[in-house]
Amino acid sequence: MKLTTPQPVRHPRPTTKASALAYLIFDRPDLARAEQFLNDFGLRTVSRDSEQLFLRGTSAAPFCYVVRRAAKARFVGLGLRVNDMIDLRMLSRLPDASDVEPSNWPGGGHRVRLTDPSGFRVDAICGQIPAAALPHRAPLPFNSVDAAVRINGTQRLPAEPPEVIRLGHVVLELADFQKTCAWYTEHFGFVPSDVQVLPDGSPAVAFMRLDLGSTPADHHTLALAQGFAPLYSHSAYEVVDADAVGMGQRVLRDKGWTHAWGIGRHILGSQVFDYWQDPWGDKHEHYCDGDLFTSAEPLGVHAVSREAMSQWGPAMPRSFTKPRFTPGSVAALVRNLRRSPDVTVEKLKMLARLFA
Ligand SMILES: [Fe+2]
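Bear in mind that the values here come from a model prediction, so they are computed numbers and not experimental data.

Attention now moves to a nonpolar patch on the surface. A contiguous nonpolar surface patch, about 260 Å² in accessible area, is contributed by Phe325, Val330 and Val334. Here Val330 lies in helix H6 (residues 327-339). By relative accessible area, Val330 is classed as partly exposed at 38%.

Attention now moves to the environment of Thr258. Take Thr258: it is sitting in strand E15 (residues 258-265). Sequence spacing of Thr258 and Gly281 is 23 residues, and the spatial spacing of their C-alpha atoms is 8.3 Å. With sequence-adjacent residues up to four places away left out, Thr258 is seen in contact with Trp276 and Gln277.

Bound to the iron ion on the protein side are His169 (NE2), His234 (NE2) and Glu285 (OE), at distances that span 2.1 to 2.2 Å. Here the donor residues for the iron ion map to a single chain with the spacing H-x64-H-x50-E. Here the residue His234 occupies a position in strand E14 (residues 231-238), and Glu285 occupies one in strand E17 (residues 283-288), the gap between them amounting to 51 residues. The pair His234 / Glu285 is uniform in exposure class, with both members buried.

Attention now moves to the side chain of Ser202. Looking at where Ser202 falls in the secondary structure, it is placed in the loop between strand E10 (191-197) and strand E11 (203-209). You can call Ser202 buried: its relative accessible area is 1%.

Tyr184 and Phe188 are the most contacted members of the largest nonpolar core, which has 53 residues in total. Once residues within four sequence positions are removed from consideration, Phe188 is found in contact with Thr16, Lys17, Ala18, Leu80, Val82, Leu91, Leu114, Val122, Ala124 and Trp183. Of all hydrophobic cores here, the second largest spans 20 residues; its members include Phe273, Met309, Met350 and Leu351.

Right, let's talk about the layout of surface pockets for a bit. The calculated volume of the second largest pocket comes to roughly 310 Å³. Lining of the second largest pocket is provided by 18 residues; of these, Ser19, Ala20, Leu21, Arg166 and Leu167 occupy positions nearest its centre. Elements supplying a minimum of two residues to the lining of the second largest pocket: strand E1 (20-28), strand E9 (166-174) and strand E12 (217-218). Residue classes in the lining of the second largest pocket are distributed as 11 nonpolar, 4 polar and 3 charged.

All right, on to H6 then. Helix length check: H6 (13 residues) gives 18 Å between terminal C-alpha atoms against 18 Å at 1.5 Å per residue, within 8%. Inspection of H6 places Ser329, Ala332, Leu333 and Asn336 among the buried residues, and these make up the whole buried set. When H6 is viewed along its axis, its buried side chains cluster within an angular range of 105 degrees and face the same direction. In this structure, H6 carries Pro327 and Arg338 as exposed residues pointing more than 90 degrees from its buried face. Of the surrounding secondary structure, the elements contacted by the buried residues of H6 are helix H7 (345-355).

Aromatic ring pairs are described here by two measures, namely the spacing of the ring centres and the angle between the planes. One pass over the structure, following the stated rule, counts 22 aromatic pairs. Between Phe26 and Phe75 the ring centres are 5.2 Å apart and the planes differ by 65 degrees, which places this aromatic pair in the edge-to-face class. Of this pair, Phe26 sits in strand E1 while Phe75 is found in strand E5 (residues 74-81), placing the two residues 49 residues apart along the sequence. Classification of Phe75 as buried rests on a relative accessible area of 9%.

Let us look at the sheet that holds E17. With mixed pairing, the 9 strands of this open sheet are ordered in space as E15-E16-E17-E14-E9-E13-E11-E10-E19. Strands with a single pairing partner mark the edges of an open sheet, and in this sheet they are E15 and strand E19 (300-303). Neighbouring strand axes in the sheet, compared pairwise and without regard to direction, differ in orientation by 20 degrees on average. Alignment of strand E16 (residues 272-277) against E17, held across 6 bridges, turns out to be antiparallel. Bridged to Tyr275 within E17 is Glu285. Strands E15, E16 and E17 of the sheet are contacted by helix H4 (residues 242-254), whose axis makes an angle of about 20 degrees with E16.

How each quantity is defined
- Residues numbered from 1 in each chain as written.
- Predicted model: local features only at pLDDT ≥ 70, side-chain atom pairs only at ≥ 80, totals over all residues.
- Heavy atoms only, no water.
- Patch = residues over 30% accessible without salt bridge, like charges linked within 9 Å, V, L, I, M, F, W, Y side chains within 5 Å.
- Areas by Shrake-Rupley, 256 points an atom, 1.4 Å probe, with all protein chains shown as cover.
- Salt bridge = Lys/Arg side-chain N within 4 Å of Asp/Glu carboxyl O.
- Helix = DSSP H or I, 4+ residues; strand = E, 2+ residues; numbered from the N terminus.
- Buried < 20%, exposed > 50% of the residue type's maximum accessible area, 1.4 Å probe, protein only.
- Contact = heavy atoms within 4.5 Å.
- Donors = N, O, S within 2.8 Å, 3.2 Å for Na, K, Ca; no water.
- Core = buried A, V, L, I, M, F, W, Y, C linked by side-chain atoms within 4.5 Å.
- 1 Å grid on protein atoms, 1.4 Å probe; cavity = no way out; pocket = protein on both sides within 12 Å on 5 of 7 lines; lining within 4 Å.
- Points joined across faces, edges and corners; volume = space filled by probe spheres on them.
- Nonpolar A, V, L, I, M, F, W, Y, C, P; charged D, E, K, R; others polar.
- Expected span 1.5 Å × (residues − 1).
- Arc of directions from axis to C-beta.
- Phe/Tyr/Trp six-rings, centres within 6.5 Å; stacked < 30°, edge-to-face > 60°.
- Pairing = 2+ DSSP bridges.
- Axes fitted to C-alpha atoms, helices over the stretch in contact; angles between N-to-C directions.

Below you can see the structure in the form of structure tokens.
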């Protein structure tokens, strides 16, 4: 494949190396409705008052999802765990960074508030006190053709929301793709695992993992996609097995929520997935069985297409990637065509042919 545009690369000396995706922050006009969806999805409420809602999985992270009450629904940003106060002090020197400040969110700790080049808020956090992990259902024992493990026994799942174990990844669309990718690799040590490129070789999606050295990391913790404006694409939450993904679909359907895509198995990352829309149309993914890479694994480059999104399962519906055109998004499109080096009419045409 001919590559005419530079691909995202790992930075030789990043400012810090993030060790986890700690949380996501959303603004929502209706906290009760947000909580209803997220509880049906399998997240558990940590605390809620009239202004803020915190939710968690069963892992020891004190929370992984924050909803702030606001007039307008929007995705605000993400929190990344860093190692120590030295990391925080380094990050606090970046342009427009806050000072190191104590966090009054569950688990406490200290944080620095940053803004990425696309305008998303990024908190660097360290020193959170972990919560006690909650018990979760063990993966179902599977009678495979070569190894029967369940004799005179049955499979019976509870008909209830699947237990979310933890927040796995977030996917964002950007106008300033290259600059934003470079910011995450430079300041948080993200390592591109795989890049999907357009027919002209320019990157369309970068799947990036944490650099945990020889400790295996999720294939992607942050994925960035070329778009025409900064937008939330989806976030993904790990459940214990494929039956939990399936039961999640059953429960969310019974509760009347809107399905987006699934069940299938991805190619890049390999997860078994199912996507659901929250009350504001934002996609939330249940997944299990994702790939784990150490930092040694080299970058993969692949052609992007609708077919390259899954190995099996229903074809990705066009509604899944169709941009929601609002007066605001059209204005952003026009603005970014003029000012962003990554947004061109040619590229938008290619993206539209592939996805719209
Ligand atoms: Fe995903």
